[in-house]
Amino acid sequence: PHYKRFVSKDSFMRRNLRIPHRLIVHFENGKEQLMKRWEIDSDKIDVIPHGLIPVKNMLSISDARRKLDLPENKKILLFFGSIRPNKGLDVLLETMSEIVKKNPDILLVIAGALPRDMSFQPFQNLIVKLNLNEHIKTFIEFIPDEEVDLFFTASDLVVLPYKNFESQSGVLLRACSHKK
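Read on for an overview of the structure. (Residues numbered from 1 in each chain as written. Predicted model: local features only at pLDDT ≥ 70, side-chain atom pairs only at ≥ 80, totals over all residues. Heavy atoms only, no water.)

### A word on the packing of aromatic side chains
Part 1 of the argument: Counting across every chain of the model gives four aromatic pairs.
Part 2 of the argument: For the pair Phe 80 and Phe 152, a centre-to-centre distance of 5.1 Å together with 55° between the ring planes defines the contact as tilted. Pair noted here: Phe 80 is in strand 3 (residues 75-80) and Phe 152 is in helix 6 (residues 145-154), with a separation of 72 residues, a long-range link.
Part 3 of the argument: Residue Phe 80 is classed as buried on the basis of its relative accessible area of 11%.
Part 4 of the argument: Judged by its relative accessible area of 1%, Phe 152 is buried.
Part 5 of the argument: Here Phe 139 and Phe 151 contribute two aromatic rings whose centre-to-centre distance is 4.9 Å and whose plane-to-plane angle is 85°, an arrangement assigned as edge-to-face. Here Phe 151 lies in helix 6 and Phe 139 lies in strand 5 (residues 136-139), a separation of twelve residues in the sequence. (Phe/Tyr/Trp six-rings, centres within 6.5 Å; stacked < 30°, edge-to-face > 60°. Helix = DSSP H or I, 4+ residues; strand = E, 2+ residues; numbered from the N terminus. Buried < 20%, exposed > 50% of the residue type's maximum accessible area, 1.4 Å probe, protein only.)

Set out below in structure tokens:
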């Protein structure tokens, strides 16, 4: 809720989850959470997993890298999507210092937006501290739908270093669509 003085988060959620005739979640655990936490009847909840998104008019890796101004001679790792604390970017950055010692041809592309109240500065500080500047390229912004496939096409590997997660990953499914 925007105004705590009017309603608590719990009462807001409880009331609003009772409005629809049916609820759709993408995973069984989500259904269990709705049933236990919010006391929603199981017959009111459908589980429909995310599907793979077909890739249309895919560019070559070279063309995608050229459009994103990425080098063609490096192995590109992609960290994509909303940059939230649970996604483990800090863990990935610390690991990158070890990875580049063994594989100096690696470039990590970080592409996605930050939550409204979060700054990229702590990650930037870690990049500098670990001397990773030449091994990381950032696109810290919302990536429009028409550009998303460019990032997956340009990459060799998609990394998802989640610290915790209770849903299905749209990033993982997009990576699968691109055979990454």
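### Re the sheet that holds strand 3
Part 1 of the argument: Strand order across the open sheet formed by four strands is 5-4-3-6, with parallel pairing between neighbours. This sheet does not close on itself; its edge strands, each paired only once, are strand 5 and strand 6 (157-158).
Part 2 of the argument: Summarising the sheet, strand 4 (residues 106-111) and strand 5 pair through four bridges and their orientation is parallel. Counted as the bridge partner of Ala 111 is Phe 139 from strand 5. (Pairing = 2+ DSSP bridges.)

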